[in-house]
Amino acid sequence: MRFSKLRNDEQGMALILAVFGLVVIGALVAGSFFVGRVEQISGYNTTWASQAGEAAEAGLGYAMNLDPVTYEAIPVWTPAAPTEYVTSGSGITGTTSMVYTDSVRRLNQTVFVVRSTGRRVSAGGQVLATQSLAQMIRLAKPTVGVNAAVTVQDPIKFNGNSFAVDGINAYPTGWGAGDCPSGSPQGDNTDDVVGIRSSTGTGMTSADEDNIGGFPADAVSDDPTITSATFRNFLDYTYNTLANQAGVKIFANNTPYNGVAPVIDASAECDKTAAFNLGEPRRDAGAVTQCYGYFPIVHGTGAKLAFASGTRGQGILLVDGDLELVGGFEWAGLIIVRGQMKVTGTGNKITGAILTEGVDIATAGSVGGDAEVHFSRCAIDRAVNGAAQPAPVSRGWAQLY
């Protein structure tokens, strides 16, 4: 049998075509795997970058909740003294895969820049992605117009001749430049104020002149600048926004509070969570030093707030109703009372300033016993700084590359 020559030449073509087809299919499969792998890695990278960004945002959020005392302790950054506050933490509570590092740089007395670097790390500690964000923040502080040791709308009734109201600026007893350098007395009447300032009469008589002092006058009556707004509206704040701020200590009872004093926790730190810990105004041998920097806002919400028997604290005391001090009360900072104020007994000492509105009351407030009220710019500044809250300068943050 004879075979065609052409047919003999076609032998093996099926194998060649099959191999070629396998190569093409293999290339397509390999390409698909490669593209899938690239997309998978790209997806991982996108996810890791997003998680790193979330950690960085958590760092910015943490910085917004730092204690104002921490901000106040940061020195102004300069090239010669490039000091920053650095802290770190977890982007999500309970995980170590998303972490951040914050650095806070103080630009001036109230403005700070926070740089937060978020990282997504593997179980072995390898950094998989990094994101850095920055935000400008400022310390928003209430600006309370204080130009007297005692500011009132209604006259004060003074009982006895052992009390003292002094508008000459001074440190609280035992305090020095290290406690409040910005509020240090100048010695030239720069920061001195009058003893009593009232929108009506002060209640002061000739018999009280030896007990009341200030500059440029001992007392000023019929001051038209004193209105209800003096006691309720402050720059960046109002009485209500201060009273509703996070961390405010609430005192709701009408019965006297006894023995309110600073305490420390199990770690020997100032226990700011303790209901009756209002900071430490003293600077003597028996003082609780850990609470020197704690200046809380205290809010009396009842019809009357009364303190007795060795109570002490510092910061801003807000009283919705009347305030009654029944002896042994020590306070450094601001006291703002919407009702009337009554001081009796011995050992009452207030350093800073008092503003008493006296709303809808038939009788004036009264001061008796050996009560002492001394104006102190230092104590007021520290109290206001304690009430400061970090706030963003702008709504958003900037991404750093």
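Just above, that's the structure.
Definitions and cut-offs
- Residues numbered from 1 in each chain as written.
- Predicted model: local features only at pLDDT ≥ 70, side-chain atom pairs only at ≥ 80, totals over all residues.
- Heavy atoms only, no water.
- Phe/Tyr/Trp six-rings, centres within 6.5 Å; stacked < 30°, edge-to-face > 60°.
- Helix = DSSP H or I, 4+ residues; strand = E, 2+ residues; numbered from the N terminus.
- Buried < 20%, exposed > 50% of the residue type's maximum accessible area, 1.4 Å probe, protein only.
- Pairing = 2+ DSSP bridges.
- Salt bridge = Lys/Arg side-chain N within 4 Å of Asp/Glu carboxyl O.

Draft legend 1. Local environment of the packing of aromatic side chains. Inspection of the entire model under this criterion finds 11 aromatic pairs. Ring geometry for Tyr71 versus Phe112: centroids 4.9 Å apart, planes at 70 degrees, classification edge-to-face. In this pair, Tyr71 sits in helix α3 (residues 68-73) while Phe112 sits in strand β3 (residues 111-121), placing the two residues 41 residues apart along the sequence. Taking the relative accessible area as the measure of exposure, Tyr71 reaches 0% and is therefore buried. A residue is classified by how much of its surface remains accessible, and Phe112, at 0% relative accessible area, is buried. Here Tyr257 and Phe307 contribute two aromatic rings whose centre-to-centre distance is 6.1 Å and whose plane-to-plane angle is 40 degrees, an arrangement assigned as tilted. Here Phe307 lies in strand β16 (residues 304-308) and Tyr257 lies in strand β14 (residues 257-258), a separation of 50 residues in the sequence.

Draft legend 2. Quick peek at the pairing of strand β20 (residues 341-344). Here β20 shows a buried face lined by Met341 and Val343 and an unburied face lined by Lys342 and Thr344. By the bridge criterion, 4 bridges tie strand β18 (residues 322-326) to β20 in an arrangement that is parallel. Bridge pairing in β20 links Val326 to Thr344.

Draft legend 3. How the structure looks around the pattern of salt bridges. Taken as a whole and assessed by the stated rule, the structure comprises 11 salt bridges. For Glu84, the salt bridge goes to Arg105, with nearest N and O atoms at 2.7 Å. Of this pair, Glu84 sits in the loop between α3 and β1 (85-90) while Arg105 sits in strand β2 (residues 98-106), placing them 21 residues apart in sequence. Note on Glu84: relative accessible area 25%, which makes it partly exposed.

Draft legend 4. Expanded view of the pairing of strand β17 (residues 312-319). With 8 of 8 residues buried, β17 is to be regarded as a mostly interior element. Pairing geometry for strand β15 (residues 297-300) and β17, over 4 bridges, is parallel. Along β17, the bridge assignment pairs His299 with Leu318. Pairing geometry for β17 and strand β19 (residues 330-337), over 8 bridges, is parallel. Its bridge partner lying in β19, Arg312 is registered against Glu330.

Any functional reading would require information that these geometric values do not contain.
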